[in-house]
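Analysis of the macromolecular model
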Amino acid sequence: MPELPEVEAVCRKLRRDALGAWISAVRVLRSATTRPQKPRRVESLAAGRTIETVERRGKNILMSLSGGLWVRIHLRMTGNLYVIPDVRLRPASTRAYFELEGGRGLVFDDPRALGRLHLHTAAEAARLMEDLGPEPLSREFTLDVLAAAARRSRKPAKLFLMDQQHVAGLGNIYAAEALFRAHIHPARPMNRIGPPRLALLHAAIVEVLREAVHWAVTSYRRPGEFSEAEDFPLAVYGREGEPCVTCGRRLRRIPQGGRSTYYCPGCQR
DNA sequence: TCGATCCTGTAG
DNA sequence: CTACAGGATCGA
């Protein structure tokens, strides 16, 4: 589930549910989740502290605990992080959890088990985040910044956008959606996109992420146990063979970097 | 810079 | 059964 918008929604919900909570115990149920850090050490270090802040950097979730300890969680492909009223009722796919006061549980749920959880000092955490490019929804992410990075890269546009060193938070879905909105072919070398198209791309990235954050956040707040939250309307992702909403041509799927890229052969050249 | 690899679940 | 998946890292 997680690219930037979904991770943002998780963080906001966590702030609502877990801020200020005291951690009575921590359990790591799968050692790979904290590797190379030792599960027992993660458990003993984090227990007894209070959750002071929750923030997002790219697709990373950072929680600061009392005493200057930081938790860094990456959801990867299928991870989710949420609070439940009774920690004993956690799902089978729980890879780690924090037991909170009153028996609540902060659950790191991840069926595919590719997600990661680590502990750091403030300096370590900050250092790791330095490897990430600018936050696309911050003022740092200007057209100039994007253009400067683009000039230096011959990568296919789609792979460039998914590289967290250039822009933090885009994944397979929103990279494809942004390229569609900017009418750029996903295989086009990044340094061969002209200034007008690059400006369009910059705007498209900001726009699609803004919209998706809004959707992710509102669908999360609507806790309806019955009705499924509506999904963000995707123009190309997962729509191979369907007609393009703009020109009607059949959308295509091509492999890039071992993953699927969806695009419109009519609109994106 | 690219492919293999980590995992499990689900769809075809 | 195979293909594929909203991600990132590591070794060649």
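Please read these numbers as outputs of a predicted model, since none were measured by experiment.

Here the focus is the domain arrangement of chain A. Taken as a whole, chain A is organised into domain 1 (4-128) and domain 2 (143-263). The centre of domain 1, based on its C-alpha atoms, is set 28 Å off from the matching centre of domain 2. Taken residue by residue, the interface counts 14 residues in domain 1 and 14 residues in domain 2. Among the residues of domain 1 in contact with domain 2, Leu4, Pro5 and Lys59 are the three that bury the most area, contributing 40% of the side total.

To continue, consider the protein's contact with DNA strand B. The environment of DNA strand B is formed by Arg30, Arg35, Pro111, Arg112 and Leu114. The sugar and phosphate moieties of DNA strand B supply 59% of its atoms located within 4 Å of the protein. Arg35 places a polar side-chain atom, nitrogen or oxygen, 3.5 Å from a phosphate oxygen of DNA strand B. The side chain of Arg112 places a nitrogen or oxygen atom 2.9 Å from a base oxygen of DNA strand B. Looking at the surface near DNA strand B residue by residue, the class counts come to two nonpolar, no polar and three charged.

According to the stated counting rule, one finds 14 salt bridges in the structure shown. Where Arg127 meets Asp131, a salt bridge forms, and the shortest distance between an N and an O atom there is 3.1 Å. Exposure remark for Arg127: the relative accessible area of 44% places this residue in the partly exposed category. For Lys155, the salt bridge is made with Asp163, and the minimal N-O distance between the two is 2.8 Å.

Procedures and definitions
- Residues numbered from 1 in each chain as written.
- Chains lettered and ligands numbered in written order.
- Predicted model: local features only at pLDDT ≥ 70, side-chain atom pairs only at ≥ 80, totals over all residues.
- Heavy atoms only, no water.
- Domains from an automatic or database assignment.
- Contact = heavy atoms within 4.5 Å.
- Buried area = accessible area lost by both parts, 1.4 Å probe.
- Near = heavy atom within 4 Å.
- Polar contact = N/O pair within 3.5 Å; in protein donor to acceptor, adjacent residues only side chain to side chain.
- Nonpolar A, V, L, I, M, F, W, Y, C, P; charged D, E, K, R; others polar.
- Salt bridge = Lys/Arg side-chain N within 4 Å of Asp/Glu carboxyl O.
- Buried < 20%, exposed > 50% of the residue type's maximum accessible area, 1.4 Å probe, protein only.

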